[in-house]
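Chain and residue survey
If you want the building blocks of each chain, they are given just below.
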Amino acid sequence: MGFLVVLAQRTLYGVLLLLAVLVLNFTMINLAPGDVVDTIAADMGGASAELVAQIRAEYGLDQPVIVQLGNYIWRVFQFDLGQSYFYNRPVTEMIFERLPATLLLVFSAQIFALVVGILLGVFAAQRPNGILSHIVTLFALFGYAAPVFWTGILLLIAFSLKIPLFPVAGMRDVTVEGFFPQALSVAHHLVLPMLTLGSIFIALYSRLCRASMLEVLGSDYVRTAKAKGLSPRDVTMKHALKNALPPVVTLAGLQFSAVISGAVLVETVFSWPGLGQLALTSILARDTPTILGILFFSALVVIVGNLLTDLVLRLIDPRVRGKA
């Protein structure tokens, strides 16, 4: 029952936060100069004041901002994100077409970064002054300092152009048919974008896991476990690692928004057909409904990711299970 109460509380907080994000996004976009009417007029080579007023009335942009905000929130509650000005298609339909590609990239990069980062941190903590520990430190500094788009370009040059092991762009080979061949093609195309997006987070997780492991390995109960004659592997995996994981899991949840924002750059570099490319095109076209829809789903993914992180933390750390 306690778990269900916490889940209900976190869900309610998430809904309220999502509502606040809707209001903030709409307000900020409407405060920015220019709108889609300016883009349409520019594409037409100019337009008269009467035609501009007619286009604004057609899109409902002549109404007060507070009325537009109320109509937008009401439509969102009805699962209607409006019609794209640029693509002339329902925003929800376009987002659901591209959302799976973005989620695949984001979750695969996050899982990859967590697994590799934790393993590197555990190995480095075994010998704090060893060569591996110094290598992990250097790798962490490089991964954290390198811009994600620069890392992606380097990987493209190295493993797509110089050594053609992976595709240059896209999500899959369109000539491949059948479920399993297509799945293998997607996995093949996913490798470089996943490595690019996960590189900076591997650096963060490995450094934090190393520091957390060093702290836990010096605790009294670990020394007691060693005194009982447990093997180093049992001490590390059964006693130390379990208590060193909560800070890493917490950081993974807090970094979820950074993963989403990083995915936009990675999708642009690798021509990955996700929300990042759609967002870039919509921003250039000042397609407000599409931009708001992408921001809404991005916020939703971040909130759900943080909720799952909180629940996972309660499962692996008994100390926080009874806390609200």
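This section reports on the structure supplied with the text. This is a predicted model, so every value here is computed, not measured.

Looking at the overall build of the protein chain
Counting its secondary structure elements, the protein chain contains 13 helices and zero strands. Reading the helices (α) and strands (β) of the protein chain from amino to carboxyl end gives α-α-α-α-α-α-α-α-α-α-α-α-α. When the backbone C-alpha atoms are referred to their principal axes, the protein chain occupies close to 85 × 55 × 40 Å. Counting the 324 residues in the protein chain, one finds 40% classified as buried. Residue pairs in contact within the protein chain that sit at least 24 positions apart in sequence constitute 74% of those at least 6 positions apart. Between the mean site of the 21 positive side-chain charges and the mean site of the 18 negative ones, the protein chain shows a separation of 21 Å.

Looking at the environment of Asn 129
Mapped onto the fold, Asn 129 is located in the loop between α5 (91-126) and α6 (131-145). Placed 106 residues apart in sequence, Asn 129 and Val 23 show a C-alpha to C-alpha distance of 51 Å.

Section: the packing of aromatic side chains
All told, the structure shown has five aromatic pairs when counted by the stated rule. Here Phe 96 and Phe 297 contribute two aromatic rings whose centre-to-centre distance is 5.4 Å and whose plane-to-plane angle is 80 degrees, an arrangement assigned as edge-to-face. Placement of the pair is Phe 96 in helix α5 and Phe 297 in helix α13 (residues 288-316), with a sequence separation of 201 residues. Taken together, Phe 96, Phe 296 and Phe 297 form an aromatic cluster joined through their ring pairs.

Here we look at the nonpolar core
Judged by nonpolar contacts, the single largest core of 41 residues is most densely connected at Leu 105, Ile 118, Leu 197, Tyr 205 and Met 213. Contributions of two or more residues to this core are made by α5, α7 (148-162), α8 (179-217), α9 (220-227), α10 (232-254), α11 (256-270) and α13. Apart from residues no more than four positions distant in its own chain, Met 213 is found in contact with Val 122, Ala 125, Gln 126, Thr 236, Ala 240, Leu 241 and Ala 244. In terms of nonpolar packing, the next biggest core, distinct from the first, is built from 21 residues, Leu 18, Ile 95, Ile 294 and Ala 299 among them.

Observations concerning the side chain of Ser 185
Among the secondary structure elements, Ser 185 is positioned in helix α8. What makes Ser 185 buried here is its relative accessible area of 9%. Ignoring anything within four residues of it in the chain, the contact list for Ser 185 reads Met 171, Arg 172 and Asp 173.

A short note on the pattern of salt bridges
Here the idea is simple: oppositely charged side chains can pair when their charged atoms come close. Here the structure, examined in full by the defined rule, presents two salt bridges. Between Arg 89 and Glu 93 there is a salt bridge whose closest N-O contact spans 2.7 Å. Arg 89 sits in the partly exposed class, given a relative accessible area of 27%. Overall, the relative accessible area of 39% leaves Glu 93 in the partly exposed class. Salt-bridge contacts for Arg 89 lead to Glu 97; the nearest nitrogen and oxygen are separated by 2.6 Å. Through salt bridges with shared partners, a single ionic network connects Arg 89, Glu 93 and Glu 97.

What to know about helix α4 (residues 65-77)
If you check α4, its first and last C-alpha atoms are 18 Å apart, about what 13 residues at 1.5 Å a residue would give, namely 18 Å. For α4, every residue scored as buried is listed here: Gln 68, Leu 69, Tyr 72, Ile 73 and Val 76. For α4, the arc enclosing every buried residue in end-on projection is 130 degrees, short of the 170-degree limit, so these residues lie on one face. Exposed residues lying more than 90 degrees from the buried face of α4 are Ile 66, Trp 74 and Phe 77. Residue Phe 79 follows α4 closely and has a positive phi angle near 60 degrees.

Observations regarding the packing of α7 against α8
At a minimum axis distance of 9 Å, the contact between α7 and α8 shows a crossing angle of 145 degrees. By crossing handedness, the relation of α7 to α8 is classed as right-handed. Here α7 contributes Val 148, Thr 151, Gly 152, Leu 155, Leu 156, Phe 159 and Ser 160 to the contact with α8, which in turn contributes Leu 192, Leu 195, Thr 196, Leu 197 and Ser 199. Of the residues contributing to the contact of α7 with α8, the split by class is seven nonpolar, five polar and no charged.

Topic: α7
When the terminal C-alpha atoms of α7 are compared, their 20 Å separation across 15 residues agrees well with the 21 Å that a helix rising 1.5 Å per residue should span. Largest kink in α7: about 25 degrees, centred on Leu 156. Looking only at α7, the buried set comprises Val 148, Thr 151, Gly 152, Leu 155, Leu 156 and Ser 160. Looking at the buried residues of α7, the elements they touch are α8 and α11.

Considerations on the side chain of Ser 219
Here Ser 219 is to be found in the loop between α8 and α9. Take Ser 219: its relative accessible area is 16%, and that puts it in the buried class. A distance of 2.5 Å separates the side chain of Ser 219 from the backbone oxygen of Val 216, its partner in a polar contact.

Analysis parameters
Residues numbered from 1 in each chain as written. Predicted model: local features only at pLDDT ≥ 70, side-chain atom pairs only at ≥ 80, totals over all residues. Heavy atoms only, no water. Helix = DSSP H or I, 4+ residues; strand = E, 2+ residues; numbered from the N terminus. Buried < 20%, exposed > 50% of the residue type's maximum accessible area, 1.4 Å probe, protein only. Contact = heavy atoms within 4.5 Å. Lys, Arg positive; Asp, Glu negative; His and termini not counted. Charge placed at Lys NZ, Arg CZ, Asp CG, Glu CD. Phe/Tyr/Trp six-rings, centres within 6.5 Å; stacked < 30°, edge-to-face > 60°. Core = buried A, V, L, I, M, F, W, Y, C linked by side-chain atoms within 4.5 Å. Salt bridge = Lys/Arg side-chain N within 4 Å of Asp/Glu carboxyl O. Expected span 1.5 Å × (residues − 1). Arc of directions from axis to C-beta. Axes fitted to C-alpha atoms, helices over the stretch in contact; angles between N-to-C directions. Left-handed = near helix turned anticlockwise from the far one by under 90°. Nonpolar A, V, L, I, M, F, W, Y, C, P; charged D, E, K, R; others polar. Bend = angle between axes of the 7 residues up to and from the residue. Polar contact = N/O pair within 3.5 Å; in protein donor to acceptor, adjacent residues only side chain to side chain.

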